[in-house]
Amino acid sequence: MRPYFEKMDDFGRELRDGELKRSEENVAQLKEVEADIEKKVEAVKNAGMSTEKINSRGQMTVWQRLEYLVDPGTWCPLHTLYNPEDNPEGTNNVINGIGKISGKWAVIIGFDNKVMAGAWLPGQSDNILRVTDMARRMNLPLVWLVNCSGVQLTTQEKFYANRRGSGTPFFRHADLEQLGIPVLAGIYGTNPAGGGYQGISPTILFAHKDCNIAVGGAGIVSGMAPKGEFDKEYAEGLIETTKHFKANPPGTPKVHYDETGFFRYVYEEEKGVLDGLKEYMKDMPSYNPKFFRVAEPKEPKLPVEDIYRILPFNQKKIYNFDEILARLTDNSENMEYRPDYGPEIYTGLIKIDGFLMAAIGNRQGVMPKGYPEYADYPGIGGKLYRQGLVKMNEFVTLCSRDRIPIIWFQDTSGIDVGDIAEKAELLGLGQSLIYSIQQSCVPQMLVVLRKGSAAAHYVMGGPTANDHNTFTLGTAATEIYVMHGQTAAVASYSRRLVKEKDAGNPIEPVIEQMNAMAQEYHDNSRPDFCAKYGLVDEIIPIANMRKYLIAFAGGVYQNPKSICPQNHMILPRIIKDYKTIKERAQKAEETK
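Given the structure is predicted, the values throughout are model-derived calculations rather than measurements.

Trainee: Before we go on, may I ask you to explain the environment of W63 in this structure?
Mentor: With respect to the helices and strands, W63 occurs in helix 5 (residues 62-69). For W63, a relative accessible area of 18% corresponds to the buried category. With 32 residues separating them in the primary sequence, W63 and I95 have C-alpha atoms 8.4 Å apart. In contact with W63, not counting residues within four places along its chain, are V44, K45, I95, D112 and K114.

Trainee: Would you take a moment to explain the pattern of salt bridges for this structure?
Mentor: Should the charged atoms of two oppositely charged side chains come close, the side chains can pair. The tally for this structure, following the rule as stated, stands at 37 salt bridges. Here K532 ties to D86 by a salt bridge, and the two come within 2.8 Å at their closest N and O atoms. Pair noted here: K532 is in helix 20 (residues 527-532) and D86 is in the loop between strand 2 (76-78) and strand 3 (94-101), with a separation of 446 residues, a long-range link. The residue D411 makes a salt bridge to R450 at a minimum N-O spacing of 2.7 Å. One end of the pair, D411, is in strand 15 (residues 406-412); the other, R450, is in strand 17 (residues 444-453), with 39 residues separating them in the sequence. R450 shares its class with D411; the two are buried.

Trainee: Just checking my understanding: could you explain the packing of helix 6 (residues 124-138) against helix 7 (residues 168-178) for this structure?
Mentor: Relative orientation of the contacting elements helix 6 and helix 7 amounts to 10°, with a least axis distance of 9 Å. Here helix 6 lies roughly parallel to helix 7, going by the angle between them. Contacts between helix 6 and helix 7 pair S125, I128, L129, T132, D133, A135 and R136 from the former with T168, P169, R172, H173, D175 and L176 from the latter. Of the residues belonging to the contact of helix 6 with helix 7, the class tally is 5 nonpolar, 4 polar and 4 charged.

Trainee: Whenever I open this one, the packing of helix 14 (residues 386-402) against helix 22 (residues 571-591) confuses me. Can you help?
Mentor: Between two packed helices, both the angle of their axes relative to each other and the distance between the axes serve to describe the pair. Put simply, helix 14 and helix 22 touch, their axes get as near as 9 Å, and they point 135° apart. Taken together, helix 14 and helix 22 sit at an angle that is classed as oblique. Across the interface between the two elements, F395, L398, C399 and D402 of helix 14 pack against L571, P572 and I574 of helix 22.

Trainee: Is there a simple way to explain the sheet that holds strand 5 (residues 142-146) in this structure?
Mentor: One key point about sheets: their strands pair by backbone hydrogen bonds, in either a parallel or an antiparallel sense. The mixed open sheet is built from 7 strands, whose spatial order is 2-3-4-5-6-8-10. Either end of the sheet is taken by a strand with one partner, and the two such strands are strand 2 and strand 10 (263-267). Neighbouring strand axes in the sheet, compared pairwise and without regard to direction, differ in orientation by 20° on average. Across 4 bridges, strand 8 (residues 204-208) lies against strand 10 in parallel orientation. Counterpart to L205 in the pairing with strand 10 is F263.

Procedures and definitions
- Residues numbered from 1 in each chain as written.
- Predicted model: local features only at pLDDT ≥ 70, side-chain atom pairs only at ≥ 80, totals over all residues.
- Heavy atoms only, no water.
- Helix = DSSP H or I, 4+ residues; strand = E, 2+ residues; numbered from the N terminus.
- Buried < 20%, exposed > 50% of the residue type's maximum accessible area, 1.4 Å probe, protein only.
- Contact = heavy atoms within 4.5 Å.
- Salt bridge = Lys/Arg side-chain N within 4 Å of Asp/Glu carboxyl O.
- Axes fitted to C-alpha atoms, helices over the stretch in contact; angles between N-to-C directions.
- Parallel < 35°, antiparallel > 145°, perpendicular 65-115°, else oblique.
- Nonpolar A, V, L, I, M, F, W, Y, C, P; charged D, E, K, R; others polar.
- Pairing = 2+ DSSP bridges.

Written out as structure tokens, the structure reads:
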């Protein structure tokens, strides 16, 4: 199959001088949002105690541990701004992402020991589940940096119990291990109660000499009030008990290395724990990249920075999606699948760091005359029509057959609607695409370039594809909503306007409500809102987009669960045959 992949079709072109000049304002708008996101990220990094205070205690911060542990230049953070319960600390207290350790990709997560010594906070359990799911989908080791003081008792009702509560990750750890995915953990600090389970549920424990893990903590000095309530007499007795209560925290290395053997290793220095993790990661199951690479890795011929000029900040402006993709793929090459069918959708094979990947994305602008073929109105890019949905169904199914991971690029306003669209079976075709995704057996990721709206957000590889969507990225132009705020306001208030007008009442109050609703939709769909509430897993700088694609490609090909030999693949052959048929038809037409 070398001739298929070594040299694919070139696409994309250099930007002209006029385009460079006209796009300056667009670059400034996107980078302004990115700068605001970066400030919010820095606030998370600076939450809690200062680095200097943590270091004065002889400890490293979680950020310092990550910097020492992860191979330089490979760290791709996720969920940095995820804080769905709006914790006053500004964080849910776990830091995570994908990176290489000793040359091997891993999903990495650690408690932020600067904030309440890594306590459980609202939103944290859901964040951990996202991370364990990533390890499962990519079949990668999960590496923990455990430093967890247990439950923030004053907010326990928000996360302790429930189906996705703080106990669920312990079952997910067991699930990973039963799938053959190791969970490695470096243990630091005092880890009582739930923190103890975070220490014991991983596969192999690397402990610092001053750490402990235990069912309970030394701070629990008394039980329930015997009178059923607290009074001054009880409080005085508690004061005396606490003054004279002296005990080492349970579950130290003396117990869990010398007695139980839970700790596989104990280290004198903090960095020793990280060195132990690095040593074990060298031996994690992995294929040599050459096993799956279809060509030597190459940088795109066109600069990624151009995307700041191509992707309009103004949601009403159109652009050429192919030009964006050409700045992300190796050597700016691709093999497009069925280019003459379903023109509102791009489907094709690309190379990322030498690995074969599939790409699906929304095209923008006015569609060719006569499309969609079932309607008398023109097709508009960003919407999904019958052919586009059929094409995506075919493409996803073929990718599944050939075990090719999928990268989705969304900028969609939804699926075509109305009786004509219903007769064209768009409702059923949308669900068919969901079925195709659900039956596929390949990891997938999503980049929401701008709009993610209506059911199209679901069917185009959205995070609702829980078994397959590994993570979702957003940009400074991302906005996610069920429909545009102005559209929602019209849908909600148009009949009210008629009613008030017919009754002879002033319509200005209704107009105010419409404007308020549109503004609320706008505010609740901004990039930072999407990151805070988990609509995306990270808002990334556009300049870093290819870096995340490389991490995804390298991760999913490191130790895949199943393999389709390159010489058994059918999708590249189908693409070649379509191209040959088209060329022959063109020659026949020219001959006439």
